[in-house]
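# Coordinate analysis (summary)
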Amino acid sequence: MQHGTERDAAVRGRSVLITGASRGIGAATARRFAAAGARLGLAGRPSDALAAVAEETGATLIPCDVAEAAQVETAVARMVALHGRLDVLINNAGVIEPIALIASADAAAWGRQIDVNLKGVFHGMRAALPVMQKQGGGTILTVGSGAAYNVLEGWSGYCASKAGAIMLTRAAHLEAGSRVRVLSLSPGTVATDMQRAIRGSGMNAVSQLDWQSHIPAEWPAEALLWMCTADADAFRGAEVSLRDEGIRARLGLAR
């Protein structure tokens, strides 16, 4: 099992950009990478919550709507301007809304979900890949979901966007070259505000899960840190699942 200090070394002093870090997995990841000594940038739509995480972690706050390609390009360029390079991009921004049946879903909200969850990942990859290829290396991580593989009532947009995101990971891996690492993480159900929205919807079996069955946000944060190391290279172009007990044991994560 790889120890935390070894994982820390993989990002210490490295330039790391995280999207959607105002809460949940993104905020926990910002804290974990900051503790490891990464030079952080947090890209997201301005909010008090995001500003608080940036202040807590010493990160650079970069206003950015991932649905807008130009804003993502600017965020990547800002990291390069600050640190001379971008070593890690974590595509974490995502939304669960709308939770609705297809026949009654709001078209604009459904489209926004695709813009954030799928196009946002594409925009990140499109902006980061040439930078990493030019500098001779880097890592692109995307927070995926088991919803990419298992359809759920009321989650048409979420399932479709996450299925598209894993295909983007495979495509980027195919095009990235041997020096740029591209991986995805399927964290399972995590005790975050997103799960509270799911629970409040009453839609499908996930909303009925016992809260104690959800893992803490610190677990996917630790997994993302590990995915920056060569120990995770077997998963390049593929997805790490935190539902896998073998992966949890490998990372030292247990209840």
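To be clear, the structure that these remarks concern was listed above.
Since the structure is predicted, the reported quantities are computational estimates derived from the model, not experimental observations.

## Concerning the sheet that holds strand S7 (residues 239–241)
- Taken in spatial order, the seven strands of this open sheet run S3-S2-S1-S4-S5-S6-S7, and their pairing is parallel. Among the strands making up the open sheet, the edge pair consists of strand S3 (60–63) and S7. Here the average twist between neighbouring strands, direction ignored, is 20°.
- Pairing analysis gives five bridges linking strand S1 (residues 15–19) to strand S2 (residues 39–44), with the strands arranged parallel. The residue bridging Ser15 from the neighbouring strand is Arg39, located in S2.
- Against the sheet, helix H5 (residues 107–135) engages strand S4 (88–91), strand S5 (138–143) and strand S6 (180–186), with an angle of about 175° to S4.

## Regarding the environment of Gly20
- Position of Gly20 relative to the elements: it lies in the loop between S1 and helix H2 (24–35).
- Among residues more than four places away in sequence, those in contact with Gly20 are Gly26, Ala43, Asn92 and Ala93.

## Re the packing of H5 against helix H6 (residues 156–176)
- Two numbers describe how H5 lies on H6: the axes approach to 8 Å, and their chain directions differ by 15°. If you check the angle between H5 and H6, you find them roughly parallel. For the pair H5 and H6, the sense of crossing is right-handed. The residues of H6 that touch H5, namely those facing Trp110, Gln113, Ile114, Asn117, Leu118, Val121, Phe122, Met125, Leu129 and Gln133, are Ser156, Gly157, Tyr158, Ser161, Gly164, Ala165, Leu168, Thr169, Ala172, Glu175 and Ala176.
- Classifying every residue of the contact of H5 with H6 by side-chain character gives 12 nonpolar, eight polar and one charged.

Calculation rules
- Residues numbered from 1 in each chain as written.
- Predicted model: local features only at pLDDT ≥ 70, side-chain atom pairs only at ≥ 80, totals over all residues.
- Heavy atoms only, no water.
- Pairing = 2+ DSSP bridges.
- Helix = DSSP H or I, 4+ residues; strand = E, 2+ residues; numbered from the N terminus.
- Axes fitted to C-alpha atoms, helices over the stretch in contact; angles between N-to-C directions.
- Contact = heavy atoms within 4.5 Å.
- Parallel < 35°, antiparallel > 145°, perpendicular 65-115°, else oblique.
- Left-handed = near helix turned anticlockwise from the far one by under 90°.
- Nonpolar A, V, L, I, M, F, W, Y, C, P; charged D, E, K, R; others polar.

These values are about where atoms sit, not about what they do.
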